[in-house]
Amino acid sequence: MSEEKALFENNFTPTKEHYVQAYRRVLFSWSKKQAVFMFAAFGVVAALAVISGLLSGGSPFSGDNAFLYGMLLIIIALLCILYFWLPQQSAKNTMRQQQEGYAQPVSIETSFSEEKVCVLNAASKGEMNFSYDAFTRCTETEELLLVQTKSKQTLLLLKTGFTQGNEAEFKAFLRKKCPQARFSWK
């Protein structure tokens, strides 16, 4: 890997669930609580559209309410597809591509030195290097820390995968090294 002294090292083999978490978080930036709130809010608005139709004595799905109710159902359906189905499909495709390309699960070894970040794909022995000014967004899921670059690449780090350093120290280090990045650590 890198000849520079690593201050932090993170090693892990992502599972399909890790990829689902990462894709969902990058796409939506919502925590689980925020997602539940958004779906509940759309459900309440849809229920209000039905109730107002019933209270006016007509069918809840006729007249002006029909358009509103139809649009709400379309929005809810699209949100469900984007939030639930798309990350699952993307993760499934990623796992299939890794199996076809490497015939084994991909292990990721990421080291952070004072000057750069080095990511090694253990299956292909491919290495990528990043400077800290390449990072624009840092966020997390239940199990992962996600670091996104200007080119929309996302580094996945397992919170419990640090073999050198720990999660709390790493978060503080990254804030110091990437003052230009947007952070949404929990």
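Structural data are supplied above this passage.
Residues numbered from 1 in each chain as written. Predicted model: local features only at pLDDT ≥ 70, side-chain atom pairs only at ≥ 80, totals over all residues. Heavy atoms only, no water.

A. Representation of the overall build of the chain in the model. The number of helices and strands found in the chain is 4 helices and 9 strands. Listed by position from the N terminus, the elements making up the chain come as β-α-α-α-β-β-β-β-β-β-β-α-β. For the chain, whose C-alpha radius of gyration is 22 Å, the value lies well above the compact-globule estimate of 16 Å for 186 residues. Along the first, second and third principal axes, the C-alpha atoms of the chain reach 75 × 40 × 25 Å. In the chain, which comprises 186 residues, the proportion classed as buried is 39%. Within the chain, contacts between residues separated by at least 24 positions form 60% of all contacts whose residues are at least 6 apart in sequence. Counting only carbon and sulfur atoms, one obtains 60% of the accessible surface of the chain, whose full area is about 10,400 Å². Charge separation in the chain, taken as the distance between the mean sites of 20 positive and 16 negative side-chain charges, equals 6 Å. (Helix = DSSP H or I, 4+ residues; strand = E, 2+ residues; numbered from the N terminus. Rg over C-alpha atoms; globule rule 2.2 N^0.38 Å. Buried < 20%, exposed > 50% of the residue type's maximum accessible area, 1.4 Å probe, protein only. Contact = heavy atoms within 4.5 Å. Areas by Shrake-Rupley, 256 points an atom, 1.4 Å probe, with all protein chains shown as cover. Lys, Arg positive; Asp, Glu negative; His and termini not counted. Charge placed at Lys NZ, Arg CZ, Asp CG, Glu CD.)

B. The arrangement of the pairing of strand S6 (residues 144-149) in detail. Counting buried positions along S6 gives 6 out of 6 residues, so the element sits mostly inside the fold. By the alternation rule, side chains of S6 split into Leu144, Leu146 and Gln148 and Leu145, Val147 and Thr149, which are all buried. Relative to S6, strand S5 (residues 135-140) is paired through 5 bridges, and the arrangement is antiparallel. Bridge assignment links Arg137 to a residue of S6, and that residue is Gln148. Linkage of S5 to S6, two consecutive antiparallel strands, is achieved through a turn of 3 residues. Where S6 and strand S7 (residues 154-158) come together, 5 bridges link them in antiparallel fashion. Bridging from a neighbouring strand, Leu144 pairs with Leu158 of S7. Hairpin connection from S6 to S7: 4 residues lie between these consecutive antiparallel strands, with Lys152 at a positive phi of about 70 degrees. (Pairing = 2+ DSSP bridges.)

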